[in-house]
Amino acid sequence: MAPSEFDDTVLAEPRASLWGLVVAIQANYYRVKLDKNSDLLNDESGQILLCTRRARLRKTGQQVMVGDRVQVEAVDWAGGRGAIAAVGPRRSVLDRPPVANADQILLVFALAEPDLDPQQLGRFLVKAESTGVPVYLCLNKQDLVSTATRRYWQEQLDAWGYPATMISLQEDETVQTLLPRLQGRTTIISGPSGVGKSSLINWLIPQASLRTGAVSGKLGRGRHTTRHVELFELPGGGFLADTPGFNQPDLALTPLVLGQCFPEIRSRLAEGVCQFNDCLHQDAPGCAVDPHWSRYDFYLTLLKEALEYQEGQQQQRDPDAPLKLRMGEQGQQRQEPRLQTKKYRRPSRRHQKQRLDYLRHDLDGSGDSLDSQSSDGDWPEDDGLS
Ligand SMILES: Nc1nc2c(ncn2[C@@H]2O[C@H](COP(=O)(O)OP(=O)(O)OP(=O)(O)O)[C@@H](O)[C@H]2O)c(=O)[nH]1
Ligand SMILES: [Zn+2]
């Protein structure tokens, strides 16, 4: 058994099989970094193989993601090739970026240049919380602000429930304080543009810039236009992935999920329960979350958005609603008229044939009659079996 450095869960991995970590996906190939210290490996330990996915996995629709633990077969050691035969169970799955088994999200903001905007920080925090992966906050560029400003933010963030690590990439010893949090874990770095994410990754993994430098001159450039994601190994163990620097994450959360994304609400609910289990914690009678907390107004703003989002979702599901919501390319929602339901459409040829089959079946007297139609007189849904 050879669990990877960051994976301390016990997987059902047979002995004498090769396992590794998917660190990147390029076209239809998976870059797999083989586990170190495996029974079977000597020189090959830690080697990177370019792998395809076994046809069996393709047939069952088993996806392979960056961050997946995979079993590799049919290895051509000289050519550095292999085939992925199985995917280990996932501890977590992130959608943006698409990464499996992340242990934490390191949210990076700057204290200045750009100025720290509490609303924007709040949105990033909620978005990160909504993934279910633990969130850890780091404020960069502390060299640009006074001690009083640092203290101000430290106190604010403590009250929000996010003790933040303050660093400056110009002061090595401050960045070093991050290392114990990162080692042995898979960390997704997130945050708006210009806060120093790439500079931080370059500081932590000097070779990372070499690898991407040929393409871009700077780690991350170019990747921000695609969904490309890559895990970079930390010298002391553990992996980092960068995410595109988007500035205003779209929340798309229901009100109940939103409430769970605020540590202030979570800690109050740990001490008491609201009278109604669908309580939205808006100063309602019997609510366990008293409204005297610093981000209460911010919570109300997001709650309004969440209620609108929920309404849109419900409309989407309601077949009689005259409008339906569509997601635009930038994730914005727009309403458009719903097409007439099939009840009012001319029956397709297939349905006409089905109808004839039913009639024939009925006339033969063999089995179900037209009773098998749905109750509203509509023909049974096309189940794709014909
Ligand atoms: N003064 C100061 N400048 C910094 C610090 N860290 C990064 N910078 C500068 O901030 C600018 C932006 O840094 P990047 O690393 O490109 O920021 P990013 O978050 O990767 O930005 P995107 O790639 O747009 O997402 C660069 O000019 C860095 O040199 C710091 O601690 N102090
Ligand atoms: Zn409540």
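In this convention, every chain numbers its residues from 1, walking through the sequence in written order. All chains are assigned letters beginning with A, and all ligands numbers beginning with 1, in the order in which they are written. The predicted nature of this model means local features are confined to residues of pLDDT at least 70 and side-chain atom pairs, given and counted, to a pLDDT of 80 or more, with totals for whole chains, interfaces and linings taken over all residues. Hydrogen atoms and water are omitted, and side-chain values are computed over all heavy atoms in the structure.

- Under an unreviewed UniProt entry, the name given to the protein is Small ribosomal subunit biogenesis GTPase RsgA, and the organism recorded is Leptolyngbya subtilissima DQ-A4.
- UniProt positions are given in the numbering used here, feature names are shortened, and annotations may be inferred rather than shown by experiment. As stated in UniProt under Subcellular location (unreviewed entry), the record for the protein gives "Cytoplasm".
- According to the UniProt record, the Sequence similarities (unreviewed entry) comment for the protein is "Belongs to the TRAFAC class YlqF/YawG GTPase family. RsgA subfamily."

Re the packing of helix H2 (residues 118–129) against helix H10 (residues 296–317)
Two quantities define a packed helix pair, namely the angle between the axes and the distance from one axis to the other.
Point 1. Only the contacting stretch of a helix is used when fitting its axis, a line to C-alpha atoms as for every element, and angles between N-to-C directions run 0 to 180 degrees. For the purposes of this entry, the term helix denotes a DSSP run of H or I that reaches at least four residues, the term strand denotes a run of E that reaches at least two, and both are numbered from the N terminus. Running from N to C, H2 and H10 point in directions that differ by 60 degrees, and their axes come no closer than 11 Å. Taken together, the axis directions place H2 and H10 in an arrangement best described as oblique. For the element pair H2 and H10, the recorded crossing hand is right-handed. Across from Gln-119, Gly-122, Arg-123 and Val-126 in H2, the residues of H10 making contact are Phe-298, Leu-302 and Glu-305.
Point 2. Residues are sorted three ways: Asp, Glu, Lys and Arg are charged, Ala, Val, Leu, Ile, Met, Phe, Trp, Tyr, Cys and Pro are nonpolar, and all the rest, Gly among them, are polar. Looking at the contact of H2 with H10, its residues break down into 3 nonpolar, 2 polar and 2 charged. Angle categories: roughly parallel below 35 degrees, roughly antiparallel above 145, roughly perpendicular from 65 to 115, and oblique for all the rest. Helix crossings are classified by the rotation of the near helix relative to the far one: an anticlockwise turn of less than a right angle makes the crossing left-handed, while a clockwise turn makes it right-handed. Contacts are assigned to residue pairs that have any heavy atoms within 4.5 Å of one another.

Topic: the nonpolar core
Point 1. Among the buried residues, those of types Ala, Val, Leu, Ile, Met, Phe, Trp, Tyr and Cys that are joined through side-chain atoms within 4.5 Å form a nonpolar core. Exposed residues in this analysis have more than 50% of their type's maximum accessible area, buried residues have under 20%, and partly exposed residues fall in between, with area computed by a 1.4 Å probe over protein chains only. Core analysis: the biggest nonpolar cluster contains 32 residues, and Leu-107, Leu-121, Leu-137 and Leu-139 have the highest contact counts within it.
Point 2. Sorting the residues of this core by element identifies strand S1 (18–26), strand S8 (104–110), H2, strand S9 (135–140), helix H3 (147–160) and strand S13 (239–242) as the ones contributing at least two each.
Point 3. For this core, the leading source of residues is H2, giving 4 residues.
Point 4. Note: domain ranges come from an automatic or database domain assignment. Both domain 1 (18–89) and domain 2 (99–242) contribute no fewer than three residues apiece to this core.
Point 5. Residues in contact with Leu-107, not counting those within four places in the same chain, are Leu-121, Phe-124, Leu-125, Val-135, Tyr-136, Leu-137, Cys-138, Ser-190 and Gly-191.

Some points on the coordination of the zinc ion (ligand 2)
Point 1. Only N, O and S atoms count as donors, using a 2.8 Å cut-off from the metal and 3.2 Å for Na, K and Ca, and because water is excluded some sites may appear unfinished. At this site the zinc ion (ligand 2) is bound by Cys-274 (SG), Cys-279 (SG), His-281 (ND1) and Cys-287 (SG), with donor distances of 2.1 to 2.4 Å.
Point 2. Square planar and octahedral assignments, for four and six donors respectively, both demand that opposite donors be over 155 degrees apart and that all other angles lie between 65 and 115; tetrahedral needs four donors with all angles between 85 and 135 degrees, and anything else is irregular. Every donor counted, the 4 donor atoms about the zinc ion (ligand 2) form angles of 100 to 115 degrees at the centre, which fits tetrahedral coordination.

Observations concerning the packing of aromatic side chains
Point 1. Working definition: rings of Phe, Tyr and Trp (its six-membered ring) pair if their centres are within 6.5 Å, and the pair is stacked with planes under 30 degrees apart, edge-to-face with planes over 60 apart, and tilted otherwise. Tallying each qualifying case throughout the model produces 7 aromatic pairs.
Point 2. Seen in terms of ring centroids, Phe-262 and Trp-293 are 5.7 Å apart; in terms of plane orientation they differ by 75 degrees. Their pairing is edge-to-face. On the criterion of sequence distance, the pair formed by Phe-262 in the loop between helix H8 (255–260) and helix H9 (263–271) and Trp-293 in the loop between H9 and H10 is long-range, its members being 31 residues apart. By the burial criterion, Phe-262 is buried, and Trp-293 matches it.
Point 3. Look at Trp-293 and Tyr-299: their rings are 5.7 Å apart centre to centre, the planes differ by 40 degrees, and that puts the pair in the tilted class.
Point 4. Criterion for a charge above a ring: Arg CZ or Lys NZ at most 6 Å from the ring centre, at most 35 degrees from the ring normal. Looking at Arg-181, its charged tip hangs above the ring of Tyr-136, at a distance of 3.8 Å from the centre.

A word on the sheet that holds strand S3 (residues 48–53)
Point 1. Strands are labelled as partners when DSSP assigns at least two bridges between them. Taking strand neighbours around the barrel as the criterion, the 5 strands line up as S1-S2-S3-S5-S4 in a closed arrangement whose pairing is mixed. This sheet shows a mean twist of 55 degrees between the axes of neighbouring strands, independent of strand direction.
Point 2. Bridge count for S1 against strand S4 (residues 69–76) is 4 bridges, and the pairing is antiparallel. If you follow Gly-20 over to S4, its bridge partner there is Val-70.

A few points about the environment of Glu-129
Point 1. Inspection of the secondary structure puts Glu-129 in helix H2.
Point 2. Among the residues examined, Glu-129 registers a relative accessible area of 15% and is labelled buried.
Point 3. Separated by 128 residues in the primary sequence, Glu-129 and Val-257 have C-alpha atoms spaced 9.7 Å apart.
Point 4. In this structure Glu-129 touches Val-135, Tyr-162, Cys-261, Pro-263 and Arg-266, once residues within four positions along its chain are discounted.

Quick word on the UniProt feature "binding site: Zn(2+)" (unreviewed entry) in the protein
Point 1. Per the UniProt record, "binding site: Zn(2+)" (unreviewed entry) is found at Cys-274, Cys-279, His-281 and Cys-287.
Point 2. Within the secondary structure, Cys-274 sits in the loop between H9 and H10.
Point 3. Sequence-distant contacts of Cys-274, that is, excluding residues within four places in its chain, are made with Leu-269, Cys-279, His-281, Gly-286, Cys-287 and Ala-288.
Point 4. Relative to the helices and strands, Cys-287 resides in the loop between H9 and H10.
Point 5. Assessed through its relative accessible area of 17%, Cys-287 is described here as buried.

Side note on the sheet that holds S9
Point 1. With mixed pairing, the 6 strands of this open sheet are ordered in space as S10-S9-S8-S11-S13-S12. The sheet terminates laterally at strand S10 (165–166) and strand S12 (231–233), the two strands that pair on one side only.
Point 2. Relative to S13, S12 runs antiparallel, the two sharing 3 bridges. Across the sheet, residue Glu-233 finds its bridge partner in S13, namely Phe-239.

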